[in-house]
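Here is what each chain is made of, one letter per residue.
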Amino acid sequence: MDRIFTDQLGTWKRSLYCGEPRADAVGRELILVGWTQRRRDHGGLIFVDLRDRSGLVQVVFNPEVDAAAHEKARHIRSEDVIAVRGVLARRPPETVNPDLATGEVELLVHEVRLLNASEVPPFPVEDESDATENMRLKYRYLDLRRPRSLAPLVLRSRLTKLIRDYFDSHGFIEVETPVLTKSTPEGARDYLVPSRMYHGKFYALPQSPQLFKQILMVGGLDRYFQIVRCFRDEDLRADRQPEFTQLDVEMSFIQPDDIIDVIEGMMVLLFKELKGIDMPRPFPRLSWAEARARYGNDKPDLRFGLELKDFSACFAKSQIKVFANVLAAGGIVKGIAVPGGASLSRKELDDMTSFATNYGAKGMAWIKLADGEWQSPIAKFFTDVEREEIVRITGAKSGDLILFIADNDKVVHDSLSNLRLLLGEKLDLIDRNRYSLVWIVDFPLLEFDPAEKRYVAVHHPFTSPLDEDLALLEGEPLKVRSKAYDLALNGMEVGGGSVRIHQVDLQRRILELLGIRREEAEAKFGFLLEALSYGAPPHGGIAFGIDRLAMIFSGAQSLRDVIAFPKSQKAVCMLTEAPTPVDPRQLRELGIKTTGD
RNA sequence: GGGGUCGUAGUUCAGCUGGUUAGAACGCCGGCCUGUCACGCCGGAGGUCGCGAGUUCGAGUCUCGUCGGCCCCGCCA
């Protein structure tokens with residue numbers, strides 16, 4: 001039978017949040033409102049734990065204090081919304097609850113108003129509850145009543161407040177750019193919005209406000225920032241949502257160092273205010289080439305070692321066919337020396353091998369070093385010279401393990417960088433209380449896409465080449481480095497940007513190099529090219545993943561924890577079940593027919 | 001598009017090599033209880049084992065397909 005509460009709040013005003021009453025308020029009459037976390041009915045006495053976002057307080061219904069209130073309290077159940085008026089009392093000494101911030105006091109209720117009955121919740125609304133994420137997201141409003149679930153959103157609120165104040169005090173202007181904008185080639189798949197006014201035409205949701213912020217620089221704003229939602233229609237990961245929030249920044253008349261300087265100031269402030277940590281400046285910098293050589297990727301986690309070592313020279317004449325063949329074909333052999341790794345079991349090594357195959361590796365060779373003896377399926381193929389070289393390169397000693405991957409450059413670095421992270425976790429080498437911040441600079445401007453058989457921009461097509469590499473554009477474009485920079489935090493890319501091209505002829509040359517035909521360039525980027533031709537200042541900027549920052553600062557394991565209503569891995573909103581079909585009339589208005597597959 | 005893993009009561013889970021009436025805890029409902037705070041005690045209800053085929057005398061268990069959650073590859077300028 002449905003329970004229906006009909007009491008009204010009336011003129012009652014909350015005196016304090018539930019988590020606030022302390023001994024100094026004893027004797028005061030208070031009005032408290034909130035949700036019933038738990039009712040303990042002793043027949044005579046009824047205790048109710050009243051909860052709101054600030055915490056819990058015990059309220060007591062005693063028939064000797066007020067018989068009517070006590071009678072009403074018999075009907076209270078979990079998650080009912082109630083308001084109580086009563087006198088705050090000091091608890092009897094033996095009943096003080098030291099685990100509760102409000103544990104020294106309790107409210108003796110004189111009157112209760114039952115404001116709204118709740119269905120039985122599908123999971124207990126308590127921090128200790130082990131509800132699955134599935135349930136938590138479907139009933140996010142229940143989940144958010146738990147302090148542990150709300151905390152990351154509170155932190156996120158402080159984070160964006162600090163960022164806004166920081167940029168405001170440094171002379172930046174926050175400008176909102178369109179959400180309904182233009183689809184552009186390159187980059188991620190666009191979310192499209194059909195136009196009702198122009199059947200067959202579409203807006204795109206922005207992947208980032210990139211072009212608008214550059215136009216703002218041409219407009220003379222000089223310093224712009226925005227905390228802005230961006231959209232990319234690609235598959236999800238633990239650290240990737242289809243809609244996400246970016247801190248977008250752009251400045252005029254600057255060099256990369258100027259952006260880096262502003263951002264370091266921001267990061268130092270955030271670490272100080274949110275974590276109480278004095279982050280030393282300047283942050284370390286690695287060239288893209290060095291990061292890749294030593295860590296295998298462009299977002300290294302510097303909190304632990306296990307650096308990659310290159311054995312290509314050492315194995316040029318190896319008897320190990322795989323190594324020799326790979327090297328002859330222009331590939332490389334690299335590896336990781338794992339201190340103490342000889343204790344890993346055969347099964348663990350097999351698991352690591354199959355892990356490496358995720359990244360294209362065809363196998364993983366290994367050696368366990370034990371008291372001068374080398375244990376390895378391929379031990380007998382190593383010459384004495386090779387053994388000496390391996391020891392010299394790695395500094396490995398007895399008890400250590402050495403892993404090798406032989407393949408092309410991409411596969412070797414992809415698999416080893418992920419093996420490195422796996423080992424860092426597995427061997428517990430990562431100090432969770434430390435933070436690794438590192439700038440990656442001197443990215444290549446272009447890479448060759450074998451699938452599309454053309455050059456593509458590593459950052460984006462508006463990134464400026466390094467001045468000293470301009471001459472290489474015609475002959476050896478892959479050797480051209482760019483004025484791009486990424487900031488990696490704990491092995492995650494949290495920010496990336498560049499100084500842009502501000503001269504229209506250079507911009508046209510780059511678009512040409514990317515294989516974008518002149519007419520297409522005009523159609524897609526004409527407004528930018530035109531803007532550049534009217535006195536665009538040198539400018540550059542950066543974009544930061546606010547969700548990822550919030551995730552790291554709050555210690556969350558998933559981006560979903562720092563987003564109020566995140567999407568599932570299949571890009572579905574678990575709460576609203578979006579996306580859903582629409583009324584055929586809506587489609588007709590938009591001039592859209594679906595194919596039905 | 002691909003790989004892995006999970007799906008059993010409202011919830012979190014157990015259920016060995018296929019076997020007869022599918023369990024536990026918490027929650028829920030009823031009763032008792034004036035110092036509990038994970039209250040306690042007594043009693044009770046609650047299941048399309050995600051869905052669909054198949055194998056079998058017999059399927060929660062095995063096979064195939066499918067749907068969904070999560071992790072990963074591809075993808076993400």
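Predicted model, so just to flag it, every value in this text is computed and none were measured.

Cut-offs used in this document
- Residues numbered from 1 in each chain as written.
- Chains lettered and ligands numbered in written order.
- Predicted model: local features only at pLDDT ≥ 70, side-chain atom pairs only at ≥ 80, totals over all residues.
- Heavy atoms only, no water.
- Helix = DSSP H or I, 4+ residues; strand = E, 2+ residues; numbered from the N terminus.
- Buried < 20%, exposed > 50% of the residue type's maximum accessible area, 1.4 Å probe, protein only.
- Contact = heavy atoms within 4.5 Å.
- Areas by Shrake-Rupley, 256 points an atom, 1.4 Å probe, with all protein chains shown as cover.
- Lys, Arg positive; Asp, Glu negative; His and termini not counted.
- Charge placed at Lys NZ, Arg CZ, Asp CG, Glu CD.
- Core = buried A, V, L, I, M, F, W, Y, C linked by side-chain atoms within 4.5 Å.
- Pairing = 2+ DSSP bridges.
- Expected span 1.5 Å × (residues − 1).
- Arc of directions from axis to C-beta.
- Near = heavy atom within 4 Å.
- Polar contact = N/O pair within 3.5 Å; in protein donor to acceptor, adjacent residues only side chain to side chain.
- Nonpolar A, V, L, I, M, F, W, Y, C, P; charged D, E, K, R; others polar.
- Axes fitted to C-alpha atoms, helices over the stretch in contact; angles between N-to-C directions.
- Parallel < 35°, antiparallel > 145°, perpendicular 65-115°, else oblique.
- Left-handed = near helix turned anticlockwise from the far one by under 90°.
- Domains from an automatic or database assignment.
- Salt bridge = Lys/Arg side-chain N within 4 Å of Asp/Glu carboxyl O.
- Phe/Tyr/Trp six-rings, centres within 6.5 Å; stacked < 30°, edge-to-face > 60°.
- Lys NZ or Arg CZ within 6 Å of the ring centre and 35° of its normal.

### Concerning the overall build of chain A
- Regarding its fold elements, chain A presents 16 helices and 22 strands.
- When the backbone C-alpha atoms are referred to their principal axes, chain A occupies close to 95 × 70 × 55 Å.
- Across the 597 residues that make up chain A, the buried fraction comes to 48%.
- A fraction of 69% describes how many contacts in chain A between residues 6 or more apart in sequence connect residues 24 or more apart.
- A total of about 30000 Å² of accessible surface is found on chain A, and carbon and sulfur atoms cover 51% of it.
- Within chain A, one finds 80 positive and 89 negative side-chain charges whose respective centroids are separated by 2 Å.

### Things to note about the nonpolar core
- By size, the foremost hydrophobic cluster in this structure holds 46 residues, and its most contacted members are Phe167, Leu247, Ile263, Met266, Met267, Leu270 and Phe544.
- Of all the elements, helix α6 (residues 256-275) adds the most residues to this core, at 9 residues.
- With residues near it in sequence (within four places) discarded, leucine 247 still touches Ile163, Phe167, Phe225, Gln226, Ile227, Met266, Ile542, Ala543, Phe544 and Ile546.

### Observations concerning the pairing of strand β19 (residues 454-457)
- As paired elements, strand β18 (residues 446-449) and β19 share 4 bridges and run antiparallel to each other. Bridge pairing links aspartate 449 to arginine 454 in β19.
- What sits between the antiparallel neighbours β18 and β19 is a turn of 4 residues, in which lysine 453 has the positive phi angle 55°.

### Overview of helix α9 (residues 346-357)
- Taking 1.5 Å of rise per residue, 12 residues should cover 16 Å, and α9 covers 17 Å from first to last C-alpha, within 8% of that figure.
- Among the residues of α9, those classed as buried are Leu349, Met352, Thr353, Phe355 and Ala356. Burial along α9 is one-sided: seen end-on, the buried residues are contained in an arc of 160°.

### Side note on the protein's contact with RNA strand B
- With respect to spatial proximity, 50 residues lie near RNA strand B, and among them Arg38, Glu64, Thr95, Glu106 and His459 are the closest.
- In the interface set of RNA strand B, defined as its atoms within 4 Å of the protein, sugar plus phosphate atoms amount to 50%.
- Contact between RNA strand B and glutamate 234: a sugar or linking oxygen at 2.5 Å from a side-chain N or O atom of the residue.
- Here a phosphate oxygen of RNA strand B sits 2.8 Å away from a polar atom, N or O, in the side chain of serine 568.
- Sorting the residues of the surface near RNA strand B by element identifies β1 (29-41), β2 (46-52) and α2 (133-138) as the ones contributing at least two each.
- When the residues that make up the surface near RNA strand B are grouped by side-chain class, the tally is 14 nonpolar, 18 polar and 18 charged.

### Details of the packing of helix α4 (residues 147-169) against helix α15 (residues 546-553)
- The N-to-C vectors of α4 and α15 enclose an angle of 120°; their axes lie 10 Å apart at closest approach. In terms of orientation, α4 and α15 fall into the oblique class. Of the two elements, α4 crosses α15, and the hand of that crossing is right-handed. From α4, Leu155, Arg156, Leu159, Thr160 and Ile163 reach across to α15, where they touch Ile546, Asp547, Leu549, Ala550 and Phe553.

### Overview of the domain arrangement of chain A
- What the domain assignment reports for chain A is domain 1 (23-116), domain 2 (150-286 + 438-562) and domain 3 (304-430).
- The C-alpha-based centres of domain 1 and domain 3 are spaced at 64 Å.

### Digging into the pattern of salt bridges
- Throughout the structure, instances matching the rule amount to 51 salt bridges.
- Aspartate 248 is paired through a salt bridge with lysine 213; the nearest N and O atoms lie 2.7 Å apart. With a gap of 35 residues between them, aspartate 248 in strand β10 (residues 243-252) and lysine 213 in helix α5 (residues 210-218) connect regions that are remote in the sequence. Taken individually, aspartate 248 and lysine 213 each receive the classification buried, so the pair is uniform in this respect.

### A word on the environment of glycine 331
- Mapping glycine 331 onto the fold places it in the loop between α8 (321-328) and β13 (332-338).
- Residues glycine 331 and aspartate 407, 76 residues apart in the sequence, show an inter-C-alpha distance of 5.3 Å.
- Discounting residues that sit within four places of it in the chain, glycine 331 has contacts with Val326, Asp407 and Asn408.

### Considering the sheet that holds strand β15 (residues 373-375)
- The strand order across the open sheet built from 5 strands is β12-β13-β16-β14-β15, with neighbouring strands paired in antiparallel fashion. At either end of the open sheet lies a strand with only one pairing partner, and these are β12 (308-310) and β15. Strand-to-strand twist across the sheet, computed as the mean angle between neighbouring axes with direction ignored, equals 30°.
- Sheet analysis places strand β14 (residues 365-370) next to β15, joined by 3 bridges and oriented antiparallel. Paired with leucine 369 across the strands is tryptophan 374, a residue of β15.
- Seen against the sheet, helix α11 (residues 409-426) touches β12, β13 and β16 (401-407) and runs at an angle of roughly 10° to β13.

### Let's talk about the packing of aromatic side chains
- The tally for this structure, following the rule as stated, stands at 18 aromatic pairs.
- When the centroid spacing of 4.9 Å and the interplanar angle of 65° are considered together, the rings of phenylalanine 311 and phenylalanine 404 count as edge-to-face. On the criterion of sequence distance, the pair formed by phenylalanine 311 in the loop between β12 and α8 and phenylalanine 404 in strand β16 is long-range, its members being 93 residues apart. This pair shows no difference in class: phenylalanine 311 is buried, exactly as phenylalanine 404 is.
- Taking the centre distance of 5.7 Å and the plane angle of 75° together, the rings of phenylalanine 315 and phenylalanine 404 count as edge-to-face. Here phenylalanine 315 is found in the loop between β12 and α8, whereas its partner phenylalanine 404 is found in strand β16, with 89 residues between them in sequence. The pair phenylalanine 315 / phenylalanine 404 is uniform in exposure class, with both members buried.
- Ring pairing ties together the aromatic residues Phe311, Phe315, Phe323, Trp374, Phe382 and Phe404, which thus form one cluster.
- A cation sits over an aromatic face here: arginine 14 above tyrosine 17, 4.1 Å from the ring centre.
- Positioned over the ring face of phenylalanine 304 is arginine 420, at 4.1 Å from the centre of the ring.

### As for unusual backbone geometry
- Along the chain, arginine 281 connects to proline 282 via a cis peptide bond; the corresponding omega equals -5°.
- Of note, the amide linkage connecting alanine 578 to proline 579 takes the cis form, showing an omega dihedral of 5°.
- Structurally, the position occupied by proline 579 is in the loop between α15 and α16 (584-590).
- For lysine 453, which is not glycine, the phi dihedral falls at a positive 55°.
- By secondary structure assignment, the location of lysine 453 is in the loop between β18 and β19.

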